[in-house]
Amino acid sequence: MYDSGQHVHIDGHPAEVICTYSVGDLQYLRAYIKDVGVKTVALRDVEVEEADDSIATLTEKAAELHPRHEAVSADRFDLRIEALNLTIAHEQGKLLSISNSPARLEPYQLACVNEVMQSLRQRALIADDVGLGKTIEAGLILKELQARNRSDRVLFVVPAHLQKKWVRDMDRFFDLDLTVADRTWVDGERRRLGDEANIWNQDNLQLVTSMAFLRQDGFQSALEEAFWDVVVIDEAHKAGKRGETPSKTSQMAERVAHNSESLLLLSATPHDGKGEGFRSLISYIDPFLVAEDRDLTREMVQRVMIRRGKTTIFDENGERLFPNRDVQTLEVSMSPAEKQLYVGVTEYVRDVYNQSDQLNQPAIGFAMALMQKRLVSSVGAIRATLRRRLQGLLTEGGTDQELSRDARVYLEGDDLEEEAREAAERELERLTIPSGDAALQAEIDTLQELVALAEKIPVDTKTQKVKRYIQQLFEKHLEEKVLLFTEYRDTLEYLLDEFADQPWAEEILVIHGDVSKDERQEIEDEFNFGEPRLLLATDAASEGIDLQHRCHIMVNYELPWNPNRLEQRIGRIHRYGQEKEVKVWNFQFDGTRESEIFELLQEKVERIRSQVGSTADVLGMLDDVNLDKLIMRSVQNNEPASATAKELAELIEERETTLMQWYDRSLIDPTTFDEESRERIQAVMDDSEDIFGTEADIREFVEHGLELFGGHLEKSGNQLYTLHIPSPISETGVSEERGPITFSREFARNHKEIDYLSPDDPMITKLRERILTDDGGTVGLKLLTAVEDPGITFVYRVAFEDGTGKTLREELVPVYVDLPNGNPRQPLGEQVLTTDTIQAKPNGDTIRQLLLERDRLETEAERYIAKIIGSLQAEIESVRTADVTQEREDLEDYAAAERERIESFIEQYEVQAEAGKDMTISIRNQRNRLAQLEARIKKRQEELNRREQVVSIAPEIEAYCLTLPVG
């Protein structure tokens, strides 16, 4: 039989015996099995082996033991401790993601991450300005949660055109593999799991999906039943509630937000100049923060929102981190031929647009808006569009055609990836009014005339002016680079043709929707660090690409009708790392309806920006202003541009008034990241930088770990290595090579083609798991100059959870207990773990005595660890109580206000009932609302009680080290 406390292996799993007993002829063993828990098994059904570290076995070998002996190897002990340190990563007040991401992490980003992670619940609205790195902040928070085993089910909800960007960025910066949840995924999961299964309610889901896809009616009941560890909603303002009837997008967002433990809402423009959308975002974060008839306060907002603007972040010298920017519009006068084309196309657009309006054919009206946009882009774009439309009428004869799904959702206002958007637009631009042969022929005749006019203009005056500007800049400033944006692929191709004869034609790079992510990365690197001086890009490059390293000049060949897109473009070079003032040149034809409206818009935006210091806020208040509709109505009614501009000015002034009121109340103004803020986060960074050990420590761990199982680490260059991975560690189960890799985050940042082996790399994870399931290293032997008396260092795993099961803190606590006095000391224990042994032959009698006295020394260590646990628990409880108390106060205020509001309705209805009116249903409905409120409040109170509870998990000895003085 086996003794209580004896270490054994049960079917290969490490275990500690609790007791043995018999039931009739059957013998049972009750034991704590590592990573399984307490279990009782019949001895005849399992294989039980004594662990090699048993006291009796070691005592017998005492005379032959030394630091290199396999049974007590100091190196194996240190390797095990390092593996434990890589596993235990829940220390309070430290950031784990710093070591795990090769991305360049800025202090203000880490301050955001730290603020979220130190909150009672990881739920926040991150509203940093464009270009500050909300994607990086979200990825870092996800890595922090992942390291704490709190990210099994993850859902990213993003606009459709940003799905690939999120997949690319999470893989590139954080080695996170997101699956796109689209129709193909849904159909595949339903075939795999069956139609009755809830495909959204599975373990190990790491999904990214679009707002448009997830809001479908068929998914909502399943989403109601699904729960997520982490939900991230990008461009969250698009999911805010507006008006009396919530949109499908806002209903979906609220549903997944409330069914999540951690929630990150990302938006540079959280406020739309009205307020209700912003308020709804706050309610997604915490539905109990503010009652319906109460105003938001600054304190409430600051508890759930993190917000910095480019003008409020300062470096260590007190200088603004982001340079100024100068935005100028250059007017270009049309030639007589261009004016004739502009007038002719606008008249054609007006005619077809009005017919489509009368016949309720909105798709055709949409197509006309697209044509008007291309008209003011370039002669190349409108010429290609007219030709395609003419060809469609000639070949299809104006017949009806069924639109693709992408075209339909694009009509509904959803954003698409650029290649999908272009395909949808080409479908739409061929649509025409169902009519007779005569009307069709008349339209064909008109298009032929317009095509002829366009073909008479080989190159437009705007292209000539842009070409001269670039030529003069490059001649005068040999090192300057230019980023040129255009909205349309047709215009981009047209410019490439026109630039082909220029001396700098060989220095042109191109990004558009068909450029793959790998090619895009190569182009980004080449423009940032290579010789090419001109990058032509469509809006496929307006997000997710950083071009600030050697470029501070941007040309907008035309202004997009969406002001937010313009800001996204500027954000490619006006971001962290930019050292020069950013120059933005907007080229546009003068004397057009569009130019007058855009000129007013830009003037208003810049004026308000100068007051509030945030372009994002100005654009946020314009987010639901439909410029397309305003301009097309002006075209439709042949109104002068001044009338439309006046209407737009009045609308902006109305929104500006509300926005300034919110600023006056300090509800949405960005917080300042100054020297004091920098010092606070620097202390956390210094504490966290080497939480897993230094780069050298990780390299040594990998090297020694691989050697332990028959592999090795080969140096293959400066900072470069090749891993020879043995079969026990390999993902494939057979020996393999991997390289080149580097352990240096800095080197990996500067050499993006090199694989960074971070502490949470799957290979390292597999290695540490294999080390911890192996017997070796549970007992060590060290000879040290730092100790005066022989003793044993017991290494305890100490952990605390809250009432929800969430780990609050977990760490290794080494306790050295000396043999003569039984005096326990933690500082000396920590020194034992971090100090290499002297390689010498110890006294065998001393080792034997230590082993025989182990139980006595362990008893003293247990008394000591109990005091440490009590102190740590009191510290954690103090912080928890303060956090929960604040949430309880918020909840009580919310409950009181909501009760008062509902009871006032009941009182009003009862007065009307006394006057003879039948108010039975109304009163019953309000009483039901009151009952539902009380149930919700009670549920939240119970949750807060569980979160306030701090539970100490029984400490376990993970390893111990026989510790002897030298000599």
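Here's a quick rundown of the structure. Nothing here was measured: the structure is a model prediction, and the numbers come from that model.

What to know about the packing of helix α4 (residues 134–147) against helix α5 (residues 163–174)
Next, step 1: Axis separation between α4 and α5 bottoms out at 11 Å; the angle between their running directions is 60°. Judged on the interaxial angle alone, α5 and α4 are oblique. As for how α4 packs across α5, the hand of that crossing is right-handed. In contact with Thr 135, Ile 136, Ala 138, Gly 139, Leu 140 and Lys 143 of α4, α5 contributes Lys 165, Trp 166, Asp 169, Met 170, Phe 173 and Phe 174.
Next, step 2: A per-class count over the contact of α4 with α5 returns 7 nonpolar, 2 polar and 3 charged.

Quick look at helix α14 (residues 379–396)
Next, step 1: Compared with an ideal rise of 1.5 Å per residue, which puts 18 residues at 26 Å, α14 spans 25 Å between its outermost C-alpha atoms and is within 8% of the ideal.
Next, step 2: Judged by how many residues are buried, α14 sits mostly within the fold: 13 of 18 residues are covered.

Side note on the nonpolar core
Next, step 1: Membership of the largest hydrophobic core comes to 148 residues, with the highest contact counts inside it found for Trp 200 and Leu 534.
Next, step 2: For Leu 534, the contacting residues outside a window of four places in its chain are Ile 470, Phe 474, Val 482, Leu 484, Phe 499, Trp 504, Glu 507, Ile 508, Leu 509 and Phe 527.
Next, step 3: By size, the runner-up hydrophobic cluster in this structure holds 44 residues, among which are Met 117, Leu 145, Val 167 and Leu 264.

Regarding the pairing of strand β10 (residues 228–233)
Next, step 1: Judged by how many residues are buried, β10 sits mostly within the fold: 5 of 6 residues are covered.
Next, step 2: In the sheet, strand β7 (residues 153–158) pairs with β10 via 4 bridges, with the strands oriented parallel. Along β10, the bridge assignment pairs Val 157 with Ile 233.
Next, step 3: Pairing of β10 with strand β11 (residues 260–266) involves 5 bridges; the strand directions are parallel. Residue Trp 228 lies in a different strand from β11, and its bridge partner there is Ser 260.
Next, step 4: The parallel pair β10 and β11, bridged by helix α9 (residues 248–258), forms a crossover whose chirality is right-handed.

Here's the deal with the pairing of strand β19 (residues 712–717)
Next, step 1: For β19 and strand β20 (residues 720–725), the ladder comprises 5 bridges, and the chain directions are antiparallel. For Glu 714, the partnering residue across the bridge sits in β20 and is Thr 722.
Next, step 2: The antiparallel pairing of β19 with β20 creates a hairpin that spans 2 residues between the two strands, and Gln 719 there sits at a positive phi of about 70°.

Looking at the packing of aromatic side chains
Next, step 1: If you walk through the whole model with that rule in mind, you get 15 aromatic pairs.
Next, step 2: Aromatic side chains Tyr 469 and Trp 585 sit 6.0 Å apart centroid to centroid with 55° between the ring planes, which places their arrangement in the tilted category. Placement of the pair is Tyr 469 in helix α18 (residues 461–476) and Trp 585 in strand β18 (residues 582–589), with a sequence separation of 116 residues.
Next, step 3: Taken together, Trp 185, Trp 200, Phe 213 and Phe 219 form an aromatic cluster joined through their ring pairs.
Next, step 4: The cationic tip of Lys 165 hangs over the ring face of Trp 166; the distance from NZ or CZ to the ring centre is 5.3 Å.
Next, step 5: Between Arg 854 and the ring centre of Tyr 960, over which it is positioned, the NZ or CZ distance is 4.2 Å.

What about the packing of α18 against helix α19 (residues 489–499)?
Next, step 1: Where α18 contacts α19, the two axes come as close as 11 Å, and the packing angle between them is 60°. As far as their axial angle goes, α19 and α18 are oblique. Seen along the crossing, α18 lies across α19 with a hand that is right-handed. Residues Thr 463, Val 466, Lys 467 and Ile 470 of α18 touch α19, and the partners they reach there are Tyr 494, Leu 495, Glu 498 and Phe 499.
Next, step 2: Of the residues in the contact of α18 with α19, the class split is 5 nonpolar, 1 polar and 2 charged.

A closer look at the pattern of salt bridges
Next, step 1: Evaluated as defined, the whole model comprises 68 salt bridges.
Next, step 2: Notably, a salt bridge pairs Arg 148 with Glu 144, separated by 2.7 Å at the nearest N-O pair.
Next, step 3: Relative accessible area serves as the criterion here: at 11%, Arg 148 is assigned to the buried category.
Next, step 4: We classify Glu 144 as buried; its relative accessible area is 0%.
Next, step 5: One salt bridge connects Arg 172 with Glu 524, and the closest N-O pair in it is separated by 3.7 Å. Of this pair, Arg 172 sits in helix α5 while Glu 524 sits in helix α20 (residues 517–529), placing them 352 residues apart in sequence.
Next, step 6: Taken together, the shared-partner salt bridges in this structure form one network comprising Arg 374, Arg 388, Arg 421, Glu 425, Arg 426, Glu 429 and Asp 490.

Remarks on the environment of Lys 629
Next, step 1: Tracing the sequence through the fold places Lys 629 in helix α24 (residues 627–636).
Next, step 2: Residues Lys 629 and Gln 302, spaced 327 residues apart in sequence, show a C-alpha to C-alpha distance of 36 Å.

Thresholds, definitions, all that
Residues numbered from 1 in each chain as written. Predicted model: local features only at pLDDT ≥ 70, side-chain atom pairs only at ≥ 80, totals over all residues. Heavy atoms only, no water. Axes fitted to C-alpha atoms, helices over the stretch in contact; angles between N-to-C directions. Helix = DSSP H or I, 4+ residues; strand = E, 2+ residues; numbered from the N terminus. Parallel < 35°, antiparallel > 145°, perpendicular 65-115°, else oblique. Left-handed = near helix turned anticlockwise from the far one by under 90°. Contact = heavy atoms within 4.5 Å. Nonpolar A, V, L, I, M, F, W, Y, C, P; charged D, E, K, R; others polar. Expected span 1.5 Å × (residues − 1). Buried < 20%, exposed > 50% of the residue type's maximum accessible area, 1.4 Å probe, protein only. Core = buried A, V, L, I, M, F, W, Y, C linked by side-chain atoms within 4.5 Å. Pairing = 2+ DSSP bridges. Right-handed = clockwise from strand over helix to strand, strands pointing away. Phe/Tyr/Trp six-rings, centres within 6.5 Å; stacked < 30°, edge-to-face > 60°. Lys NZ or Arg CZ within 6 Å of the ring centre and 35° of its normal. Salt bridge = Lys/Arg side-chain N within 4 Å of Asp/Glu carboxyl O.

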